[in-house]
Amino acid sequence: MGLWYNTGAMTTYVCGHRNPDVDSVTSAYALADLRRRTGMHDVEAICAGRLPARAKWVFDHFHLKPVRALRDVYVRVRELVDPDVPMIDAGMPLVDALRALEKSGESSLPVRAADGAFVGMLSPAKLLSLFISRADLSIPVGKAPLHHCGHVLASNDRVHDVRAAAIRNAHNHFPVVDEKGMLVGTVLKRAFAEPPPVRMILVDHNETEQGIPGLEEVPVIEVVDHHRIAFAATKDPIKYTADVVGSTCTLVARMFRGAGERPTKEVAGVLIAGIVSDTLLFQSPTTTDADRAMCAWLEKLCGETAASIMEGLMSVASPLLSMTAEQAVASDAKLYSEGGKKFVLAQIEESQLAVFHAHMPELAAALEKTIKENALDFAALMVTDPVRGNSELLFRGDESVRRALPYRLGKAGVLLLPGVLSRKKQLLPEVLAALS
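Every value quoted in this text rests on a predicted model; they were computed, and no experiment measured them.

Visitor: Run through the confidence of the model for the protein, naming residues and quoting values.
Guide: Looking at the protein as a whole, the pLDDT averages 90, with 95% of positions reaching at least 70. A low-confidence stretch, residues 1–8 (pLDDT under 50), is modelled with 42 contacts involving residues beyond four sequence positions or located in other chains.

Okay, structure coming up:
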């Protein structure tokens, strides 16, 4: 993973997979809390995309500020602005501006108008004619010859997009303006060769393809996960915590105990929510004794039961009623590349399968759109009824894969998955077997 940005204040993001579920969000929140307690500075839990409605319920229920939702972690040009490079006001006397330039040790400095707009770059080479003619150096900088830099950067530009052009440019200083053309500051060329100002801790996943966009450019320092390991090679050793449990929150709770820390009542509740959501209140075949043991410990700290928290989660409106079909398909979708195929397996919980059947046409269209936009071989939506312990699968794409799956086709045109609750432990292995 590349390391080529400006140093400075280092922020550590704790983040789950894109299209996050409750476990992904709550484990990030709780682990960030633990890392702050154990000495890590400037650490923040974030959500890779839209915050799920049920995760929002968790934060509202425990009166906590929800994690911040980000679309990506690409480093932006504004994060590379060097605070030590001063900006010159256009009304400043030229002689004072030249003293400021000399004091800065830089070859040029940006000049801003009274309204904050970028005017140009103060450069001794452009002022040579004034020195030769012995002009009055008390004139305002704005009336002196300035270098009009041909490579002005926008503050919201991704460093990923502008790095190559900036390095090739003959200049060593790049003025940065915001969307209104106001001067933000200066980026020095050397900033593009230094480490990024952010680093990542991954929870509930370890595959770059499933991570927040931009992850491939940010150093990962830790992983906490309960899925298969498919992690990319790292430049340096990292901390890696993984185990066969039903929820990432189980691992985070265990880490609290291992560190000799007791989560607050609220954080204990957040962890319980992640455990019961991912294990479907211990009904999922992924459930282990460790999930039950950690949840029992957390219930004592929280003062609420796992059952009551699960009831609250299930009281949140169905994704099929509160989202568009495209949003429902994307709300918890994971991308895989296996057996020469690229595919998406999405999952939602719906205790009223009649609602699912009523929305099948638009859901099927959303799957087909996902296939087209992402160049997939197939996509499937697993709709799980946690009350009755069954699922149904809406499949679109490669028919040879669908026919190889060991499930009966129901009257509604969906595959029937009796007793299947886990995408990870029950559905994915059957899909991989079909591909082989």
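Once the structure has been displayed, the description carries forward.
Visitor: Account for the environment of asparagine 169, naming residues and giving values.
Guide: If you trace the backbone, asparagine 169 turns up in the loop between helix 5 (159–168) and strand 8 (173–177). Excluding anything up to four places from it in sequence, asparagine 169 contacts His151, Phe174 and Lys189.

Visitor: Before we move on, can you summarise the sheet that holds strand 7 (residues 153–154) with the specific residues and values?
Guide: Reading across the sheet, the 3 strands line up as 7-8-9 and stay open at both edges, with mixed pairing between neighbours. Among the strands making up the open sheet, the edge pair consists of strand 7 and strand 9 (183–188). Pairing of strand 7 with strand 8 involves 2 bridges; the strand directions are parallel. Bridging from a neighbouring strand, alanine 154 pairs with valine 177 of strand 8.

Visitor: Tell me about the side chain of aspartate 398, residues and numbers included.
Guide: Following the sequence through the fold, aspartate 398 ends up in the loop between strand 16 (390–397) and helix 14 (399–404). Of the residues examined, aspartate 398 reaches a relative accessible area of 17% and is grouped as buried. Contacts of aspartate 398, omitting those with residues within four sequence positions, involve Lys341, Asp377 and Phe378.

Visitor: Please set out the packing of aromatic side chains residue by residue, giving values where relevant.
Guide: Two measures describe an aromatic ring pair: the distance that separates the ring centres and the angle between the ring planes. Taken as a whole and assessed by the stated rule, the structure comprises 6 aromatic pairs. Their ring planes at 20 degrees and their centres at 5.3 Å tell us that phenylalanine 378 and phenylalanine 395 sit as a pair that is stacked. Within this pair, whereas phenylalanine 378 is found in strand 15 (residues 378–385), its partner phenylalanine 395 is found in strand 16, the two being separated by 17 residues in sequence. Taking relative accessible area as the criterion, phenylalanine 395 reaches 5% and is therefore assigned buried.

Visitor: Quick one: what's the story with unusual backbone geometry, residue by residue and with numbers?
Guide: In the Ramachandran plot, aspartate 42 falls in the positive-phi region, its phi being about 50 degrees despite a non-glycine side chain. The residue aspartate 42 is located in the loop between helix 1 (22–37) and strand 2 (43–48) in this model. Residue class for aspartate 42 comes out partly exposed when judged on its relative accessible area of 44%. Positive phi values are uncommon outside glycine, yet aspartate 204 reaches one of about 65 degrees. Structurally, the position occupied by aspartate 204 is in the loop between strand 10 (198–203) and strand 11 (220–225). Overall, the relative accessible area of 0% leaves aspartate 204 in the buried class.

What counts, and at which threshold
Residues numbered from 1 in each chain as written. Predicted model: local features only at pLDDT ≥ 70, side-chain atom pairs only at ≥ 80, totals over all residues. Heavy atoms only, no water. pLDDT = per-residue confidence, 0-100. Contact = heavy atoms within 4.5 Å. Helix = DSSP H or I, 4+ residues; strand = E, 2+ residues; numbered from the N terminus. Pairing = 2+ DSSP bridges. Buried < 20%, exposed > 50% of the residue type's maximum accessible area, 1.4 Å probe, protein only. Phe/Tyr/Trp six-rings, centres within 6.5 Å; stacked < 30°, edge-to-face > 60°.

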